[in-house]
Amino acid sequence: MFEAKALSADHKDLIHDITFDYYGRRMATCSSDQSVKVWDLSEGGEWVCTSSWKTHSGSVWRVVWAHPEFGQMLATCSFDRTACIWEEQIADNSSGGGGDTARSAAGSHWVKRATLVDSRTSVTDIAFAPKHLGLHLATCSTDGYVRIYEAPDVMNLSQWTLMHEISCKNGCSCITWNPSRSHPPMIAVGIDAASSSGLLQIFELNETLRRWQRIENIVSISDPVHDVAFAPNLGRSFHTLAVASKDVRIFTLSPSRDASSSYTKLDVRQPAQFEEQASQVWRVEWNVTGTILASAGDDGCVRMYKANHLDNWKCIKVLKGDLSETQATAGSTVAPGAQQPFRDTPIWLSDVQQL
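So, a few notes on the structure that sits alongside this text. Since the structure is predicted, the reported quantities are computational estimates derived from the model, not experimental observations.

Cut-offs applied
Residues numbered from 1 in each chain as written. Predicted model: local features only at pLDDT ≥ 70, side-chain atom pairs only at ≥ 80, totals over all residues. Heavy atoms only, no water. 1 Å grid on protein atoms, 1.4 Å probe; cavity = no way out; pocket = protein on both sides within 12 Å on 5 of 7 lines; lining within 4 Å. Points joined across faces, edges and corners; volume = space filled by probe spheres on them. Helix = DSSP H or I, 4+ residues; strand = E, 2+ residues; numbered from the N terminus. Nonpolar A, V, L, I, M, F, W, Y, C, P; charged D, E, K, R; others polar. Core = buried A, V, L, I, M, F, W, Y, C linked by side-chain atoms within 4.5 Å. Buried < 20%, exposed > 50% of the residue type's maximum accessible area, 1.4 Å probe, protein only. Contact = heavy atoms within 4.5 Å. Salt bridge = Lys/Arg side-chain N within 4 Å of Asp/Glu carboxyl O. Pairing = 2+ DSSP bridges. Axes fitted to C-alpha atoms, helices over the stretch in contact; angles between N-to-C directions. Phe/Tyr/Trp six-rings, centres within 6.5 Å; stacked < 30°, edge-to-face > 60°.

**Considerations on empty space enclosed by the protein**
Here is step 1 of the chain: Counted by the stated rule, this structure contains one cavity of 30 Å³ or more.
Here is step 2 of the chain: Quantified by volume, the largest cavity comes out at close to 30 Å³.
Here is step 3 of the chain: Along its surface, the largest cavity is lined by Ala83, Leu116, Val117, Asp118, Ser119, Val123, Thr139, Ser141, Arg147 and Tyr149.
Here is step 4 of the chain: Counting residues per element, the ones that place at least two in the lining of the largest cavity are strand 11 (136-141) and strand 12 (145-150).
Here is step 5 of the chain: In terms of residue class, the lining of the largest cavity is made up of five nonpolar, three polar and two charged.

Set out below in structure tokens:
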């Protein structure tokens, strides 16, 4: 059962990204109007815009939250070739209190702590590293480079050091960190241009050499990659990766360490491919346990996928842009619904009550 409602975001141009914080009680949106808005969930269950400000001099492609262990922090990236770090400051409230109440009563504002200017072209995606790796931020750009920054002092967010610069040889469109604690740091990078090196590349940090190595090129994808997402691992012996392109694909990566090799070898398998979106797919996202995948595409629908105990994936639910829902038919394919035009300003929010 889903409960859906429309929220007027009041952005003046296309909304490119929506992201929730760690607890799911705060939300950030970014747009081609060069602004970011932060929303808080009130006690009455309503989303209230608590901050809105201009962040860049070009379209803002992505906005991401840092883990709350590092404070209330956002990172944004833009067509203006920069990525920015923002920290929330809450005005003193003599009446006491905290959390959402303090933000609404005393007011809060976001302060720019750092601007990362190493990219020579548009910065297309950003991602904070998993908490156990420390305060690291990865960016990817259309200049074909992934750059990884570190904040050596989490109490001083104005200091960010460029630790690694990884060449992908072609324009990068998206990036994701592997959240597994039992594996060396790993990232997946999507490419949106023709590449002889593959449109999906996997890199691993060699902790002996202290540099990133490309350990896998997935060449079975022939269309531009728009989004990639590693699933939470939760003790599995393999990694699960979702890819948004002209369709939705799910890959499993089983690592095997060869004593004669300095890097991990991956056994790549593709257990599922879904083409029923009948349009470009722009976003994929996992639930907290890594068992349900959601995708969104140009047809104005959100689709949810789940696997059974035999690792057979199927679409289990379709949410349409008019806030209605349909039950997916059994099997691995779902007939696409009527084409739904994108609306510029409303945001559709759905709460999953039961699957």
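**Some words on the nonpolar core**
Here is step 1 of the chain: The biggest cluster of nonpolar side chains holds 34 residues, and the ones touching the most others in it are Val146, Ile187, Val189 and Leu200.
Here is step 2 of the chain: Ranked by residues supplied to this core, first place goes to strand 15 (residues 186-191) with five residues.
Here is step 3 of the chain: Leave out the neighbours within four places in its chain, and Ile187 touches Val146, Ile148, Ile166, Ile175, Thr176, Trp177, Gln201, Ile202, Phe203, Trp212 and Phe230.
Here is step 4 of the chain: Counting 19 residues, the second largest nonpolar core, distinct from the first, contains Val64, Met73, Cys77 and Leu135.

**Regarding the pattern of salt bridges**
Here is step 1 of the chain: For the coordinates displayed, the defined rule picks out 13 salt bridges.
Here is step 2 of the chain: Where Asp125 meets Arg62, a salt bridge forms, and the shortest distance between an N and an O atom there is 3.2 Å. Residue Asp125 is found in strand 10 (residues 123-128), and its partner Arg62 is found in strand 6 (residues 60-65); the two are separated by 63 residues along the sequence. Note on accessibility: Asp125 and Arg62 belong to one class, buried.
Here is step 3 of the chain: Because the salt bridges share partners, they merge into one network encompassing Arg26, Asp40 and Glu88.

**As for the sheet that holds strand 14 (residues 172-177)**
Here is step 1 of the chain: Across the sheet, which stays open at both edges, the four strands sit in the order 14-15-16-17 with antiparallel pairing between neighbours. If you trace the sheet from one side to the other, it starts and ends with strand 14 and strand 17 (211-218), each paired once. Pairs of neighbouring strands in the sheet enclose a mean axial angle of 25°, with direction left out of account.
Here is step 2 of the chain: Where strand 16 (residues 200-206) lies against strand 17, seven bridges are found, and the strand directions are antiparallel. In the strand pairing of strand 17, Ile202 is matched with Glu216.

**Details of the packing of aromatic side chains**
Here is step 1 of the chain: Throughout the structure, instances matching the rule amount to nine aromatic pairs.
Here is step 2 of the chain: With a centroid separation of 5.7 Å and 65° between ring planes, the pair formed by Phe20 and Trp47 is classed as edge-to-face. Of the two residues, Phe20 sits in strand 2 (residues 15-20) while Trp47 sits in strand 5 (residues 47-54), which places them 27 residues apart along the sequence.
Here is step 3 of the chain: For Phe20, a relative accessible area of 39% corresponds to the partly exposed category.
Here is step 4 of the chain: Note on Trp47: relative accessible area 13%, which makes it buried.
Here is step 5 of the chain: Centre to centre, the rings of Trp286 and Trp313 are 5.8 Å apart; their planes meet at 70°, and the pair counts as edge-to-face. On the criterion of sequence distance, the pair formed by Trp286 in strand 22 (residues 281-286) and Trp313 in strand 25 (residues 313-319) is long-range, its members being 27 residues apart.
Here is step 6 of the chain: Three or more aromatic residues joined by ring pairs make a cluster, and in this case those are Trp53, Trp65, Trp86 and Trp110.

**So, the pairing of strand 5**
Here is step 1 of the chain: Pairing of strand 4 (residues 35-41) with strand 5 involves seven bridges; the strand directions are antiparallel. What sits directly across from Trp39, in strand 5, is Cys49.
Here is step 2 of the chain: In sequence, strand 4 turns back onto strand 5 through a hairpin of five residues, with Gly45 there showing a positive phi of about 85°.

In short, shape yes, function no, at least from these values alone.
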